[in-house]
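Given next are the chains, with one letter for each unit.
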Amino acid sequence: MLRNSICIAASLLGLAASTAALADEAVRIGYAIARTGPFAGGAQVSQEPNYLLWAEQVNAKGGLMVAGKQRKVELIGYDDRSDTETVVRTYEKLMNQDKVDLVLPPWGTGQTFAVATLANKLGYPMIAPTASSKKLTDMKLPFVFTILQQPDQMMNALADMLVAQGVKTVAVVHVDDLFGLENVDALSKALASHNIGLLDKKSYPLGVKDLSPVLKAMKEKNPDAFLGITYPPDTILVSKQAREIGFNPKIFYAAVGTAFPLYKAQLTGNTEGVMGMGSWNAKTGAAAKDYFAAHIAKFQKEPDRWASAHAYASLQILQQAVEKVGLDRARIRDAIAGGEFQTILGPIKFKDGMNASIPGTVSQWQKGEFEVVWPKTRATATLVSPKPAWN
Amino acid sequence: MKDWIKWLPLIAALAAVPWLTNAYMVSLLLTCLMYVALAVSWVMFSGPSRYLSLATTAFFGIGAYCTAWGLGHLPWPLLLLGGALAAAGTAALVGLFVLKLRGSYFAVLTFGLSELALHVINQTERSISGTVGRVLLNPPEQDAIYLAVLALALAAIACCAWLWRGPLGHALRGIGADEDRAATLGVNPLRVKLAGFALAAAFAGAVGAAMAGRWTYIDPHTVFNPLIGFQTVLIVMVGGASRIQGAVIGAVIFSLLSEFLRMRFPYFYLVLLGLLLILSVLYLPNGLIALLPRKKAAAHG
Amino acid sequence: MTFTLFLDLLAAGLITGGIYAIVAIGLNLQYGLMRVMNIAHGEFLMLGAYLTYVLHTTLGLNPLATLPIAMAALFLVGLLVHRLVLRRLVHSSPNIDVFEARGLVASFGLMFVVQNLALMVWGADLRGYTYLAEPLQLGGVIMPHNRLLVFAVVVVLSAGLIAVLRFTLIGKAIRAMMQAPLGAQLVGIDTARLHPWCFGAGLALAGVAGALLSMVYEISPGMGEPYTITALIVITLGGYGSIVGSLAAGLLLGLVETFGMHFTSPSLKMVLSYAVFIGVLMFKPKGLFAK
């Protein structure tokens, strides 16, 4: 009975493999990403749309230039259900069974972790646009690159900015998962080194629905800055609830999701001066402007002002590496590790598998646009401080 | 008793799989075997006793954390044993309290326990190491994990068959039929239930300890995934809870079918899977097991 | 602890608890009455939320005005699901335990179908709109209007429901059914005819709850799952079949969370809720309001 099912499974997989082979000459690029489950919200805003947009653009221009020959790109994308075992199994299929030419990473730190060792072992280069963890970069896997800024970079930039604004005291809330804890760890160290007082620090679980009691207690302590290491729903929650109770410190910072167009829609007329994790906007450069327009044209929505552009830039890097050395994956890896690439975020090169060209950044909502305000070398606008009162 | 000999070729074939095929086929079979082991361990206790448990997630997660904590300090096979013992110990301890409840109260309570275990581990990890999540350096090879889970699945089947034939199985069935009456007939319900609950938990814990090696990175939310507990119950119900074969067939068909649909229809496979579940309960209400010829009168009801 | 702080926490806890209660009462109508452990309950809540969102953002309807629409629409969905799935299951199941197990599988199927259809229609992005977000200050307690509105609707609906069950003939029949399905049949209540109405009413409450939640939080196709789980906990805590029990248990859980978060840490919120839940069931194995 089991043997039968093995046969059935084998023939089904054979079917999948043969249909793939029909798309003659195409460069097959596989990935799994969350289309369902808790990670889908992030994955479908910041990552998969960029895969689709890039493939469409490359194919519209005739394809990817491989060893002097233009070949179309064929994306093979599966749902990873936001589940670890599923994501591992799917990449095993892509690399071992389908033998795709290249793979793209899944969404998020945890899922990237789960497939990173596998990709490394089988020699598939991977540039992760939504993985941010010291634990991951510390593994120093030669085939795995991160293009998003890492926790210590983002938090050091934040602390430097606070010092420049003369902030003496802060209150911090953070989500108690790996992302929140690594960032808050880096932040605490940076604050201590600058002698900034930490008046209050509270953690909260994923999926929190009410933080107003916490915010009220923080308001009582009257810090110069409020810093939230938060995810999109909680970013909106703390912003709305801070406004409701009139908690309006000089600096108001909430991490992930401030860069989402949704934030502006949800905080109608109340975004002015709010800071968060962002690294670019359409003013960053001509290429960024074109990307911004192309994203709207294809999906009828704006890209977010942080990870989206990093996801798209990772594909540009992969493309340039392939056009330089062909589809030999070890050589692609070396090309990525050693080269410098022109992207919508400007030139990027890697050091120790990390993006060495884009420093930690801080962005701020100003007149309906999320502007990069720190550091000055990346800024698209000058920082406004103190934050104006909520409407 | 010679029954199992005719299965030897199949077992040998399964054990040889890592040498015959690619890593994806191995991991696909691994998923099937993981759910075979979990479903059989579930049905071992919950089938005859009719105590619908959603604690599988808790036991699986506890086992996984044994590997996460112990890897690098202890040999991996020992950690599987450790996972089994930790899960069985937890089951025996909480069983003292929760096994007093019946029906849906028990089901929802065991679900609550899984969630409680998740948050307790999360807090413990934070207070001990200041962070959540652990990176597993030097995890066991995939083939070793596969063989371990195969062994666990076979052991679960053998244990279930042995249990159901013996006095404990009869006592559990008595409890499932009428607990008060069973008590008057000289069965100590709590002791019987505790033994069954702990034995089932041991297998789920060992499976968790084995599977953790696959995932480089472990955090409480990935290993205490409620989907694992729910899917196990679902598999047994789709397969049929009255015989071991039901759990086995349910696990294999469910795993292969959901994988096939996911690959073939990447955007709406869950809609199809949902419709198939509804149709199966409408048109195959007694489970896939009803499709099998009933060779001998199964003594387990 | 100052009195203002106490009032503040009390208000926050009651509002959170009120939301839990309304979601749970809907589930209890389905489970307490006809033993359908509807795992897809939160998915119907999600449908209610999207309905309000769509009507508000495309047609410009006032979200408050969409409440009856969400209620009616989900009631009809409930009748349809009952007609297509549950009615057959009632007939094909030899006893209530078997029916319960099969109902569970079917509702799992429904969960997959409904959630993923929503995903295909609206995508996985978070969505939302702003409605009555201005705060109201009352004796030091600050609450946005939308949360207060949610609480008011919850109070009115649950009080109305409890009154209907207590004082009308059909209400008495339903309560008889919840307490003793067989006995109800013996005294001439046609339980089978009441089932679709109760199932529909359960989904209608889920629809209203979803519509209300969309005024306060962002919505997404996966938003329902946590509410299903909370609802399961609340109806178990309050006792199956007891509407008053669900109301009390929902409010209790909301208060435990809010006060617990204040005195310990928000991170311990879940540990506290589950500890209370498990603790209560140890002493009252059939829930707080068991008869």
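These figures come from a predicted structure and were not determined experimentally. (Residues numbered from 1 in each chain as written. Chains lettered and ligands numbered in written order. Predicted model: local features only at pLDDT ≥ 70, side-chain atom pairs only at ≥ 80, totals over all residues.)

Colleague: What is the right way to read the overall build of chain C from this model?
Modeller: The helix and strand inventory of chain C stands at eleven helices and two strands. Each helix and strand of chain C, placed in order from N terminus to C terminus, yields the pattern α-α-α-α-β-β-α-α-α-α-α-α-α. On C-alpha atoms alone, chain C measures out to a radius of gyration of 19 Å, which is about the 19 Å that the 2.2 N^0.38 rule sets for 291 residues. Along the first, second and third principal axes, the C-alpha set of chain C runs to 55 × 50 × 35 Å. Taken over 291 residues, chain C has a buried fraction of 56%. A separation threshold of at least 6 residues defines the contact pool for chain C, and within that pool the share at least 24 residues apart is 76%. (Helix = DSSP H or I, 4+ residues; strand = E, 2+ residues; numbered from the N terminus. Rg over C-alpha atoms; globule rule 2.2 N^0.38 Å. Buried ≥ 20, exposed ≤ 12 C-beta atoms within 10 Å, placed from the backbone. Contact = placed C-beta atoms within 7 Å.)

Colleague: Help me understand the overall build of chain B, please; the structure alone is not making it clear to me.
Modeller: Helix and strand counts for chain B come out as 13 helices and two strands. Relative to its length of 301 residues, chain B is compact, with a C-alpha radius of gyration of 19 Å against a globular reference of 19 Å. If you line up chain B on its principal axes, its C-alpha atoms span 50 × 40 × 40 Å. Out of the 301 residues in chain B, the part that is buried amounts to 58%. For chain B, the proportion of contacts with a sequence separation of at least 24, taken over those separated by at least 6, is 79%.

Colleague: Where do I start with the packing of helix α5 (residues 145–167) of chain C against helix α10 (residues 243–263) of chain C in this structure?
Modeller: Two quantities define a packed helix pair, namely the angle between the helix axes and the distance between the axes. All names here are of chain C. At their nearest, the axes of α5 and α10 sit 10 Å apart, and the two run at 160 degrees to each other. In terms of orientation, α5 lies roughly antiparallel with respect to α10. Note that α5 runs across α10; the crossing there is left-handed. Contacts between α5 and α10 involve S158, L161, I162 and L165 from the first element and I243, V244 and L247 from the second. Residues that form the contact of α5 with α10 fall into these classes: six nonpolar, one polar and no charged. (Axes fitted to C-alpha atoms, helices over the stretch in contact; angles between N-to-C directions. Parallel < 35°, antiparallel > 145°, perpendicular 65-115°, else oblique. Left-handed = near helix turned anticlockwise from the far one by under 90°. Nonpolar A, V, L, I, M, F, W, Y, C, P; charged D, E, K, R; others polar.)

Colleague: What is the right way to read the interface of chain C and chain A from this model?
Modeller: A common way to state how big an interface is: give the accessible area lost once the parts meet. Tallying the contact residues gives 29 residues for chain C and 32 residues for chain A. Per-element tally for the side of chain C that touches chain A: the top contributor is helix α1 (residues 3–34) of chain C, with four residues. Grouping the amino acids of the side of chain C that touches chain A by side-chain chemistry returns 14 nonpolar, eleven polar and four charged.

Colleague: What's the story with unusual backbone geometry in this structure? I'm lost.
Modeller: With glycine set apart, most residues show a phi of negative sign, and most peptide bonds adopt trans. All names here are of chain A. A cis amide bond links W374 with the next residue in sequence, P375, at an omega value of -5 degrees. Within the fold, P375 resides in the segment after β17 (369–374). Omega for the peptide link from S385 to P386 comes to -5 degrees, which places this bond in the cis form. At A67, a position not held by glycine, the phi torsion is positive, near 45 degrees.

Colleague: Even after reading the chapter, I still don't get the pairing of strand β4 (residues 73–79) of chain A, so can you show me in this structure?
Modeller: It is a general feature of regular strands that their side chains alternate between the two faces of the sheet. Residues and elements named next belong to chain A. Among the seven residues in β4, five count as buried, and that is most of the element. Sheet topology note: the strand β1 (residues 27–33)/β4 ladder contains seven bridges and is parallel. Looking at the pairing, R28 lines up with E74 of β4. (Pairing = 2+ DSSP bridges.)

Colleague: I tried to follow the interface of chain C and chain B on my own but got confused; where do I start?
Modeller: On the chain B side, the residues contacting the 33 residues of chain C number 29 residues. When contributions to the side of chain C that touches chain B are tallied by element, the ones reaching two or more residues are α3 (63–92), α4 (96–122), α9 (224–238) and α11 (269–283) of chain C. Residue contributions to the side of chain C that touches chain B peak at 13 residues, all from α4(C). Residue composition of the side of chain C that touches chain B, by class: 25 nonpolar, five polar and three charged.

Colleague: Please explain the nonpolar core as it appears in this structure.
Modeller: For soluble globular proteins, nonpolar side chains are generally found buried alongside one another. One finds A:V103, B:A37, B:V40, B:V149 and B:V207 to be the most contacted residues of the largest nonpolar core, which totals 343 residues. Looking at this core, the element that brings in the most residues is helix α2 (residues 23–49) of chain B, giving 19 residues. Sequence-distant contacts of A:V103, that is, excluding residues within four places in its chain, are made with A:I29, A:G30, A:Y31, A:Y91, A:L94, A:M95, A:A119, A:Y124 and A:M126. (Core = buried A, V, L, I, M, F, W, Y, C linked by C-beta atoms within 7 Å.)

Colleague: Got a minute to help me understand the confidence of the model for chain C in this structure?
Modeller: Atomic detail in the predicted coordinates should be set aside for any region of low pLDDT. Counting all residues, the mean pLDDT for chain C is 89, and 96% of those residues have values of 70 or more. Within chain C, helix α7 (residues 181–186) of chain C has the poorest average pLDDT of any element, 65, and helix α2 (residues 41–59) of chain C the best, 96. (pLDDT = per-residue confidence, 0-100.)

Colleague: What is the right way to read the sheet that holds strand β5 (residues 102–103) of chain A from this model?
Modeller: Picture the strands of a sheet paired through backbone hydrogen bonds; they go either parallel or antiparallel. Residue and element names in this part refer to chain A. Reading across from one edge, β4-β1-β5 is the order of the three strands in this open sheet, with parallel pairing throughout. Among the strands making up the open sheet, the edge pair consists of β4 and β5. Note: β1 against β5, two bridges, orientation parallel. The residue of β5 that forms the bridge with G30 is V103. Along the sheet face, helix α3 (residues 48–60) touches β1 and β4 and points at about 165 degrees away from the line of β4.

Colleague: Please clarify how the environment of B:L78 should be interpreted in this entry.
Modeller: Residue and element names in this part refer to chain B. Structurally, L78 can be placed in helix α4 (residues 76–98). Among the residues examined, L78 registers 13 C-beta atoms within 10 Å and is labelled partly exposed. Taking the C-alpha atoms as reference points, L78 and A209, 131 residues apart in sequence, are found 10.0 Å from one another.

Colleague: So what exactly am I meant to see when it comes to the pairing of strand β2 (residues 141–144) of chain C here?
Modeller: Residues and elements named next belong to chain C. Looking at chain direction, strand β1 (residues 135–138) and β2 are connected through four bridges and run antiparallel. By the bridge assignment, L136 is partnered in β2 with M143. Between β1 and β2, which pair antiparallel one after the other, the connecting turn spans two residues, and G139 there sits at a positive phi close to 55 degrees.

Colleague: Help me understand the packing of α2(C) against α3(C) in this model?
Modeller: All names here are of chain C. Where α2 meets α3, the closest approach of the two axes is 9 Å, and the angle between their N-to-C directions is 135 degrees. Relative to α3, α2 is oriented oblique. Considering how the two elements wind past one another, α2 and α3 form a crossing that is right-handed. Contacts between α2 and α3 involve F44, L47, G48, L51, T52, L55 and H56 from the former and P63, T66, I69, A70, A73, L74 and V77 from the latter.

Colleague: Before we go on, may I ask you to explain the environment of A:T361 in this structure?
Modeller: Residue and element names in this part refer to chain A. Tracing the backbone through its elements, the reader meets T361 in the loop between β15 (354–355) and β16 (362–366). For the pair formed by T361 and W374, sequence separation is 13 residues and the distance between their alpha carbons is 5.4 Å. Not counting residues within four places of it along the chain, the set of residues in contact with T361 comprises Q149, A157, G278, S279, V372, W374 and R378.

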